[in-house]
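Inside the fold
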Amino acid sequence: MHLFFLALRTIMTYSIEKVATLIGARRYGEAEATIGWLLTDSRSLCFPEQTLFFALHTQRNDGHKYIPELYRRGVRNFVVETPPSASPGADYPRANFLQVPSTLAALQRLAERHRDEFSIPIVGITGSNGKTMVKEWLYQLLSGVGSLSAHPTASQSLSPLSPLKITRSPRSYNSQIGVPLSVWLLGEQSRVGIFEAGISQPGEMEALHDIIQPTIGVFTSLGSAHQENFRSLEEKCMEKLKLFHGTKAIVYPSDNDVVSRCIRRSGYQGERIGWSRFDERAEMYITGIQDSCKISYIYKGTQGQYTLPFIDEASIENSITCAATALYLGLTPDELAERMPLLEPVAMRLEVKQGQHGLTLINDSYNSDINSLDIALDFMQRRAEQGGMLILSDIYQSGETPASLYRQVTDLCLKRGVSKFVGIGEEISEQAAQIGVPDSHFYRDVEQFVASDVFRSLHDEVILLKGARRFGFERITELLEQKVHETILEVDLQAVVDNLNHFRSFLKPETKMVCMIKADAYGAGAIEIAKTLQDHRVDYLAVAVADEGVALRKAGITANIMVMNPEMTSFKTLFDYDLEPEVYSFRLMEALIRAARKEGITGWPVHIKLDTGMHRLGFDPTADMAALIDRLHHQQAIIPRSVFSHFVGSDSDDFNDFSAQQFALFDEASRQLQSAFSHKILRHIDNSAGIEHFPERQMDMCRLGIGLYGVEPYHSGESQLRVVSTLKTTILQLRHVKAGDSIGYSRRTVLQRDSLIAAIPIGYADGLNRRLGNRQGYCLVNGQRADYVGNICMDVAMIDVTGIDCAEGDMVEIFGRDLPVTVLSEQLGTIAYEVLTGVSNRVKRVYYQD
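Rules of the game
- Per chain, the residues get numbers from 1 upward, laid out in the order the sequence is written.
- Confidence filtering applies because this is a predicted model: local features only for residues at pLDDT of at least 70, side-chain atom pairs given and counted only at 80 or more, and all residues used for totals across whole chains, interfaces and linings.
- In computing side-chain properties, one takes all heavy atoms of the structure into account and sets aside hydrogens as well as water.
- Helix and strand assignments follow DSSP, with helices taken as H or I runs no shorter than four residues and strands as E runs no shorter than two, numbered in order from the N terminus.
- Residue exposure (1.4 Å probe, protein chains only): buried if accessible area is under 20% of the type maximum, exposed if over 50%, otherwise partly exposed.
- For this analysis, residues touch if any pair of their heavy atoms sits within 4.5 Å.
- Residue exposure ignores everything except the shown protein chains as possible cover, and the areas themselves are Shrake-Rupley values with a 1.4 Å probe.
- Working convention for charge: Lys and Arg count positive, Asp and Glu count negative, and His plus the chain ends are omitted.
- By convention, the charge on Lys lies at NZ, on Arg at CZ, on Asp at CG and on Glu at CD.
- One bridge is not enough; two strands pair if DSSP finds at least two bridges between them.
- Axes here mean lines fitted to C-alpha atoms, for a helix over just the part in contact, with angles spanning 0 to 180 degrees between N-to-C directions.
- The path from the first strand over the helix to the second decides the hand: if it runs clockwise while the strands point away from the viewer, the crossover is right-handed.
- Here a Phe, Tyr or Trp ring, Trp counted by its six-membered ring, pairs with any other such ring whose centre lies within 6.5 Å, and the pair is stacked when the planes are under 30 degrees apart, edge-to-face when over 60, and tilted otherwise.
- Salt bridges, as used here, are contacts in which a Lys or Arg side-chain nitrogen is within 4 Å of a carboxyl oxygen on Asp or Glu.
- To count as a disulfide, a pair of cysteine sulfur atoms needs to be within 2.5 Å.
- On a range of 0 to 100, pLDDT expresses the predictor's confidence in each residue.
- Identification of polar contacts relies on pairs of N or O atoms within 3.5 Å, with a donor-acceptor requirement for protein atoms, meaning one able to donate a hydrogen and the other able to accept it, and with residues adjacent in sequence counted only if both atoms are side-chain atoms.

A look at the overall build of the chain
A count of helices and strands for the chain gives 28 helices and 41 strands. Out of the 850 residues belonging to the chain, those deemed buried represent 56%. For the chain, the share of sequence-separated contacts (at least 6 apart) that also reach a separation of at least 24 residues comes to 66%. Looking at the chain as shown, the accessible area adds up to about 35,400 Å², and 47% of this sits on carbon and sulfur atoms. Positive and negative charge centroids in the chain, built from 86 and 105 side chains respectively, lie 1 Å apart.

Shown next, in the form of structure tokens:
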């Protein structure tokens with residue numbers, strides 16, 4: 001859970017002693033502390049001095065392992081199930097550890113006791129759908145209208161004398177963790193609270209009731225969401241109704257027989273404010289809904305009317321729920337009529353996107369049933385001037401015969417003015433005769449459709465796509481929607497400078513530095529990185545091949561450039577662009593000498609590579625030295641500028657003995673080479689890890705590679721490096737997918753629960769490794785882990801954002817500041833180099849510097 005929103009309230013603080021008492025904790029530590037902020041995700045730390053961290057256990061993580069990091073960052077107060085050490089007072093000076101049997105229960109208990117401090121109207125909202133929309137619209141309707149008594153009646157109105165401070169759940173924070181964090185938002189200025197409560201199985205609502213303690217209940221709707229954990233709709237409804245125990249009133253859709261029946265069975269004692277389109281006796285009777293969404297009603301004998309700026313059925317029903325609740329809370333009919341047209345949209349599951357060739361795409365992937373189809377068609381009809389096009393897959397689990405089902409589909413299509421129909425799936429194709437839309441086409445699967453002439457001819461249409469998840473309608477969307485690549489690689493140039501200076505701090509003033517910018521500066525973009533390094537006077541830049549050096553020269557880079565893997569065909573290029581090659585074999589040396597002589601070149605600087613243990617490239621430091629020196633003496637085309645070798649394992653203490661052997665070999669051979677020439681030959685063997693691990697072996701020059709880009713090469717303690725590259729993208733689309741449905745091509749991921757799945761515009765063509773798919777890796781969405789699900793596609797990946805507070809357009813971090821690139825490399829069984837250099841050139845680089 002994110003913590004940043006907590007700063008929006010005027011905080012109420014508690015002493016650590018008070019907190020310990022409230023949650024019944026055993027306290028380790030005696031430091032005085034004041035608590036104003038609750039934290040459950042270490043990455044969301046904002047105010048460490050007043051933060052209380054709850055070390056929660058989840059299915060995939062354990063908050064206890066983040067205690068050392070948080071302590072280092074200034075947090076001194078922790079709620080734990082197990083103390084972090086046998087002597088927490090000695091190991092964590094001036095820290096307080098509150099030990100409890102369950103950190104989640106303690107979080108909920110603290111929020112419950114915090115709620116006890118407020119005698120204000122609290123609206124508790126539950127239901128299968130519409131909770132967030134009702135909450136947000138109630139907030140919009142009530143905000144700023146004035147004060148409100150704790151127990152309003154129909155005759156009381158909101159006073160316009162002072163603004164009404166409303167505290168509400170952030171977005172969809174309605175879970176066992178989200179609800180206590182939401183209630184903790186209540187502050188000294190709060191006058192009304194509006195909180196969501198969501199459940200997925202029996203026994204969950206009681207804890208949420210005790211935390212929220214609503215005075216007014218709102219039941220939005222009852223549907224099939226999370227039905228798999230309940231034996232019947234009645235059982236689920238009765239569980240939801242537990243939220244309203246002790247409330248003074250409940251607003252609910254009385255036309256829903258199950259809801260009405262369950263309220264009667266529950267023996268609810270408060271005022272029942274049912275709204276109905278059919279029952280004139282209802283407390284809120286809807287007398288009419290005009291095409292312009294002008295809604296007329298009678299509330300407790302008083303007539304009223306308002307206009308809604310939305311036309312879909314779900315918005316209409318949610319607005320009625322909001323109207324009944326607002327009127328109960330004291331909003332007058334005139335105020336309601338004034339405020340309803342001003343409602344702003346809340347992210348809906350029915351998505352409208354601009355497509356190519358004049359297309360308008362309506363994605364409805366929430367339900368695949370006949371009722372939701374009617375709502376979606378109604379939505380489309382109000383947007384299509386001359387009919388619209390429906391792309392529909394097989395409809396599963398309807399409980400009807402296929403012939404009867406698709407006759408109903410025809411009736412809906414004709415009623416809603418569908419002018420073109422595309423059916424995808426074997427069953428719907430078999431029922432083609434039942435589809436009465438004249439312009440109809442049928443295909444076995446999505447691939448057959450996208451290969452058809454009908455698909456290629458689409459233009460200037462309003463298209464509703466409604467398909468069961470298993471059919472992969474996202475493929476259609478990907479091909480039809482306007483392409484705006486929202487994936488970028490942010491590169492922090494100041495971090496490059498800071499990392500350079502960090503490694504320079506290990507070196508003597510006279511020790512030179514080579515900075516590796518091969519492979520497009522490890523994916524960060526060689527030209528900008530080179531310019532930055534040149535400005536900070538590094539002695540050499542190093543690239544892999546001559547073409548990389550040419551690009552730098554053409555971009556105005558004048559620094560010395562070393563080419564680590566020169567090709568036989570590149571010698572002329574080396575000479576033309578003043579590039580200095582590595583020489584690692586007699587064959588390469590002879591070819592280079594011949595090429596230089598042909599060009600009339602003498603004294604061209606080269607860098608001699610010795611193989612001291614890598615056994616990759618290089619001269620033998622014992623067997624080849626005499627012949628190497630002799631050949632260099634008997635020619636004038638090239639001259640050794642430096643001699644170097646590679647440590648095999650400078651990043652690990654396990655190889656210290658071998659590293660010492662390598663250094664001894666190199667030291668002797670390089671001294672032998674130097675003694676044969678009167679000019680200074682630079683000697684270098686330390687790489688990034690070697691600079692930190694073996695600073696005594698820095699010699700004349702060091703080579704800085706991966707460390708420059710913020711990846712710690714030698715883990716000897718807390719890293720001082722800054723992250724340079726952050727690969728991020730955005731959520732394109734969110735969709736609810738039911739348990740048992742599969743994600744992506746080949747059905748590799750089958751969901752074990754009802755899930756919220758996000759599509760993000762990054763795929764293997766951008767450098768996102770396909771091996772991360774099917775829950776083998778994860779990214780961060782608003783700071784929280786989201787597994788990759790399904791096979792990663794060329795341009796799109798799907799991630800599981802169930803339980804994460806997010807919306808379309810929110811940022812997704814693939815790797816970077818909050819998700820180290822080393823996490824991905826470990827998941828892939830590779831190294832950070834591969835992940836960084838794998839980011840393709842079609843990903844835009846965005847550079848910034850503090």
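So that's the structure; there's more coming.
Here's the deal with the sheet that holds strand 29 (residues 638–644)
Pairing within the open sheet is parallel, and its eight strands lie in the order 30-29-28-27-26-25-24-31. Each of the sheet's edge strands pairs with one partner strand only, and the pair in question is strand 30 (682–684) and strand 31 (701–704). Across this sheet, the average inter-strand angle for adjacent strands is 30 degrees, counted without regard to direction. As paired elements, strand 26 (residues 561–563) and strand 27 (residues 580–583) share two bridges and run parallel to each other. Looking at the pairing, Val-563 lines up with Pro-581 of strand 27.

Brief notes about the environment of Lys-844
Along the polypeptide, Lys-844 turns up in strand 41 (residues 844–848). Assessed through its relative accessible area of 57%, Lys-844 is described here as exposed. C-alpha of Lys-844 to C-alpha of Arg-631: the two residues are 213 residues apart in sequence and 48 Å apart in space. Lys-844 has contacts with Thr-487, Ile-488 and Leu-489, leaving out every residue within four places of it along the chain.

Side note on the pairing of strand 27
A regular strand carries its side chains on alternate faces of the sheet. Residues of strand 27 alternate between two faces, with Glu-580 and Glu-582 on one and Pro-581 and Val-583 on the opposite face, all of them buried. In this view, the connection linking strand 26 to its parallel neighbour strand 27 by way of helix 22 (residues 571–576) has right-handed handedness. On the question of chirality, the crossover connecting strand 27 to the parallel strand 28 (residues 604–609) by way of helix 23 (residues 586–598) is right-handed.

Comments concerning the packing of aromatic side chains
Applying the stated rule across the entire model yields 16 aromatic pairs. Aromatic pair Phe-78 and Phe-97: ring centres 5.1 Å apart, planes at 15 degrees, arrangement stacked. One end of the pair, Phe-78, is in strand 6 (residues 77–80); the other, Phe-97, is in strand 7 (residues 96–99), and 19 residues separate them in sequence. Under the relative-accessibility criterion, Phe-78 is labelled buried at 0%. Both rings, one in Tyr-443 and one in Phe-449, keep their centres 5.3 Å apart while their planes meet at 50 degrees; by these two values the pair is tilted.

Things to note about the pattern of salt bridges
Enumeration according to the criterion identifies 35 salt bridges in this entry. With a closest N to O distance of 3.0 Å, Glu-69 and Arg-73 form a salt bridge. For Arg-73, a relative accessible area of 30% gives the class partly exposed. The closest approach of N and O atoms between Arg-113 and Asp-116, which form a salt bridge, is 2.4 Å.

Concerning the sheet that holds strand 15 (residues 294–299)
Spatially, the nine strands line up as an open sheet ordered 9-10-8-11-12-13-14-15-16, and their pairing is mixed. The open sheet has two edge strands with one neighbour each: strand 9 (166–168) and strand 16 (302–307). For this sheet, the mean inter-axis angle between neighbouring strands, taken without regard to orientation, is 20 degrees. In the sheet, strand 9 pairs with strand 10 (residues 192–196) via three bridges, with the strands oriented parallel. Across the sheet, residue Ile-166 finds its bridge partner in strand 10, namely Val-192.

A closer look at the state of the cysteines
Such a bond, covalent and formed between the sulfur atoms of two cysteines, is termed a disulfide. Across all of its chains, the model carries zero disulfides by this definition. For the unlinked cysteine Cys-237, the closest cysteine sulfur is that of Cys-262, found at 3.8 Å. Classification of Cys-237 as buried rests on a relative accessible area of 0%.

Regarding the confidence of the model for the chain
Here the chain shows a mean pLDDT of 88. Residues at 70 or above account for 91%. Across residues 147–163 the pLDDT falls below 50, and counting only partners more than four positions away or on other chains, this stretch makes 38 contacts in the model.

Topic: the side chain of Ser-319
Positionally, Ser-319 belongs in helix 10 (residues 313–329). Among the polar contacts listed, one links the side chain of Ser-319 to the side chain of Tyr-306, at a separation of 2.9 Å. A polar contact is formed between the side chain of Ser-319 and the backbone oxygen of Ile-316, at a distance of 2.7 Å. Not counting chain neighbours up to four residues away, the residues in contact with Ser-319 comprise Trp-137, Ile-295, Tyr-306, Leu-308 and Met-340.

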